[in-house]
Amino acid sequence: MARKKELTQHRERPVSLKTLADHLGLSPATISVVLNDVPGRSIPQTTRDRIKAAAKKLNYQPSLLARSLRNRQTHTIGILVPELGEGYHTQVLSGIGDQLVQDGYFYFTAHHRHKPELVEEYARLLVGRGAESLILVDTTFDHNFPVPAVGVAAHRHIPGVTNVILDQTKAADLALEHLYKLGHRSIAFMRGQPFSSDSEDRWRSIERAAKRLGLRIDKSLVVQLDRDLTTPELGYPVVQQLLAARKRFTALFSFNDVAAIGAIRALRDANLRVPEDVSVMGFDDVHAAAFTTPSLTTIRQPLEDMGRIAARIALSRLRGEEKYGDEVAVEPCLIVRESTREPS
């Protein structure tokens, strides 16, 4: 009766390797070999099946910590992102996760809300918890780490860190050429938040693209995003600000898609039609861009591909393969939908 009670309790909570060995009348070493799929050991299949059935029945879980200490590998990657809402960061994270799962790696994710002290603390905590490499998405940092590190849109040259970036020059050219060819000359611009790692490079690229086209950027038509939001509410008040100034513009180029969606709502609330009265262009091509009304013309970043590339670089560096340089640039493309047309 006592034995039956003991086994019932084992079903309710994980048991130790020794308890499982005692239950089966086998050595802990034999059980460890079977459950860890150690090759080259001659153990009858009937014994293997009995061990696995008992482990499942008694809820035995091998100690991953012990295994990692033996192998000196945790197969774990640490990922730092500003936030975990919908849009840019989530799509990059999805690509990272897909690649790591494919390669048999686990990952921890921490979000820091662009707070430098949290970037430092969380990086240290992730490494302390066994992360063999770090992937930092849209995260500002100015030094290397004790493990291999890869940045996505980091925009800083740090020895030993590979940065996966979008070709911002081409992106700006594609966007402004599209609006210019439609006939827009009075274009309003949203600049990205100062804490976003893409903001400055993208704005400099926009200024260069405008200069090549002979397009004057009216400073009174440039608004600055500053709120730490990842919802359309980000773009709504700055467009209200533009409209309150009573400056005429026929097109608006948003820093990202979620702000563009908020801009469209602000324009509609002011009885302006998109695109008949104002054309709106986004940036990123998040999933919602194709389904808003009107559907959003935008610059597509291959966000999930960028995540997969970052994960492949991290794993390559763990294996000692140095086939990537300081920077890997990916190509944007123009996606024309319903939110842009020639000015009335």
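Parameters and conventions
Once a new chain begins, its residue numbering starts again from 1 and follows that chain's sequence as written. With pLDDT at 70 or above as the cut-off, local features in this predicted model cover only qualifying residues; side-chain atom pairs require 80 or more to be listed or tallied, and sums for whole chains, interfaces and linings still use all residues. Only hydrogens and water are set aside; all other atoms, that is, all heavy atoms of the structure, feed into the side-chain values. Residue burial is assigned from relative accessible area. The probe radius is 1.4 Å, only protein chains are included, and a residue is buried under 20% of its type maximum, exposed over 50%, and partly exposed in between. Only DSSP runs of H or I covering at least 4 residues are called helices, and only runs of E covering at least 2 are called strands; the numbering of each starts at the N terminus. Think of it this way: DSSP has to see at least two bridges between two strands before they count as a pair. A helix is expected to span 1.5 Å for every residue after the first. The definition of a polar contact used here is a pair of N or O atoms within 3.5 Å, where within protein one atom must be able to donate a hydrogen and the other to accept one, and adjacent residues in sequence count solely through side-chain atom pairs. In the cavity and pocket records, a cavity denotes points on a 1 Å grid over the protein atoms alone where a 1.4 Å probe fits but cannot get out, a pocket denotes an open set with protein on both sides within 12 Å along at least 5 of 7 lines, and lining residues are residues with an atom within 4 Å of a point. Grid points are joined across faces, edges and corners, and a volume is the space filled by probe spheres set on the points. Put simply, Ala, Val, Leu, Ile, Met, Phe, Trp, Tyr, Cys and Pro go in the nonpolar bin, Asp, Glu, Lys and Arg in the charged bin, and everything else, Gly too, in the polar bin.

A. Region of interest: the pairing of strand 1 (residues 76-81). Where burial is concerned, most of strand 1 is hidden: six out of the six residues are buried. Sheet topology note: the strand 1/strand 2 (residues 106-111) ladder contains six bridges and is parallel. In the strand pairing of strand 2, G78 is matched with F108. When strand 1 meets strand 3 (residues 133-137), the two strands line up parallel, connected through four bridges. Each residue of the ladder has a partner; that of G78, found in strand 3, is L134.

B. Representation of helix 8 (residues 168-182) within the structure. The terminal C-alpha atoms of helix 8 lie 21 Å apart, and with 15 residues this matches the ideal 21 Å at 1.5 Å per residue to within 8%. Residues of helix 8 that are buried: Q168, A171, A172, D173, A175, L176, H178 and L179. Looking at where helix 8 begins, the residue whose side-chain oxygen comes 3.2 Å from the main-chain nitrogen of T169 is D167. Two residues or fewer after helix 8 comes G183, characterised by a positive phi angle close to 110 degrees.

C. Representation of the layout of surface pockets within the structure. Put simply, the largest pocket is a space of about 380 Å³. If you trace the largest pocket, you find 23 residues lining it, with T139, T140, F141, R156 and F195 closest to the centre. Of all the secondary-structure elements, those providing two or more residues to the lining of the largest pocket are helix 7 (116-128) and helix 9 (199-213). Among the residues making up the lining of the largest pocket, the classes are represented as six nonpolar, nine polar and eight charged.

D. Structural view of unusual backbone geometry. Omega for the peptide link from V274 to P275 comes to 10 degrees, which places this bond in the cis form. Its location among the elements puts P275 in the loop between helix 11 (257-269) and strand 9 (279-284). For the bond from T293 to P294, the omega torsion is -5 degrees, close enough to zero to count as cis. With respect to the secondary-structure elements, P294 resides in the loop between strand 9 and strand 10 (297-300). Of note in the backbone geometry, R113 takes a positive phi value of approximately 55 degrees without being a glycine. Counting through the fold element by element, R113 comes out in the loop between strand 2 and helix 7.

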